[in-house]
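What the coordinates show
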Amino acid sequence: MSRTEASIEIKATRSFRSRPANSTLFGGRRDLPVLGRAQGGSDGNIVIEDGAIDWTFRPADLQGVRDAFAVYVTGNSMVPKYKDKDLAYVHPSKTPRRGRYVLVETQGHRGFIKQFDRWDGDTLVLQQYNPAEEIRIPRADILRVMLVIGSLDG
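Predicted, not measured: the structure shown is a model, and the values here were computed from it. (Residues numbered from 1 in each chain as written. Predicted model: local features only at pLDDT ≥ 70, side-chain atom pairs only at ≥ 80, totals over all residues. Heavy atoms only, no water.)

1. So, the overall build of the chain
A tally of regular secondary structure across the chain gives one helix and 10 strands. When each of the 154 residues of the chain is scored for burial, the buried share is 38%. Partitioning the contacts of the chain with sequence separation of at least 6, the portion at a separation of at least 24 is 59%. As displayed, the chain offers around 9,100 Å² of accessible surface, 49% of which is attributable to carbon and sulfur atoms. (Helix = DSSP H or I, 4+ residues; strand = E, 2+ residues; numbered from the N terminus. Buried < 20%, exposed > 50% of the residue type's maximum accessible area, 1.4 Å probe, protein only. Contact = heavy atoms within 4.5 Å. Areas by Shrake-Rupley, 256 points an atom, 1.4 Å probe, with all protein chains shown as cover.)

This is the structure we're talking about:
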């Protein structure tokens, strides 16, 4: 590591430590609804409840985002990325890109988190880790595909 790289690293660390207590990394109050549980397996759980089942702090990337929410992950189909009881933050209007993770809500209001691969005509193509497999879902069966922007360990 060069002397310049080391000094940049130290400055970044000092800047972070001196951040004021009212930082905007997370909102100051629990105003982000947890609307359900996203199943780790391929069959899914109910995605959206009638009302919040819990409330959590809003991360910076979701501040000011209307209809943003979080879900609890259940199951282990996406370990090591997402584990059972993790809290996944969802940006409902950002367009997913290949390699990013998404919460898919089906017509039956079932949902699951997978890695977005692509749209292949009228079929959504996703990747699952455990067991490793490609999942294909007809567009007619899908209500929404929403970007998962991050998570908090459960």
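Picking up where we left off.
2. Considering the nonpolar core
Counting residues in each nonpolar core, the largest one holds 13 residues, and the members touching the most others are Phe-69, Tyr-82, Leu-103, Ile-113 and Val-148. Counting residues per element, the ones that place at least two in this core are strand 4 (69–74), strand 5 (87–91), strand 6 (101–106) and strand 10 (142–152). When residues in this core are grouped by element, the largest group, three residues, is from strand 4. Judged by nonpolar contacts, the second largest core, of 10 residues, contains Phe-112, Phe-116, Leu-124 and Ile-135. (Core = buried A, V, L, I, M, F, W, Y, C linked by side-chain atoms within 4.5 Å.)

3. Concerning the side chain of Thr-56
Its place among the elements puts Thr-56 in strand 3 (residues 54–56). You can call Thr-56 buried: its relative accessible area is 7%. Not counting chain neighbours up to four residues away, the residues in contact with Thr-56 comprise Arg-29, Arg-30, Asp-31, Leu-32, Val-34, Ala-70, Leu-87 and Tyr-89.

4. Observations regarding the pattern of salt bridges
Going through the model one piece at a time under the given rule, you end up with 10 salt bridges. Between Asp-67 and Arg-66 there is a salt bridge whose closest N-O contact spans 3.9 Å. For the pair shown, Asp-67 and Arg-66 are each scored as exposed. Between Arg-98 and Asp-117 there is a salt bridge; the shortest N-O distance is 2.5 Å. Of this pair, Arg-98 sits in the loop between strand 5 and strand 6 while Asp-117 sits in strand 7 (residues 110–120), placing them 19 residues apart in sequence. Through salt bridges that share partners, Arg-29, Asp-31 and Arg-58 make up one connected network. (Salt bridge = Lys/Arg side-chain N within 4 Å of Asp/Glu carboxyl O.)

In short, shape yes, function no, at least from these values alone.
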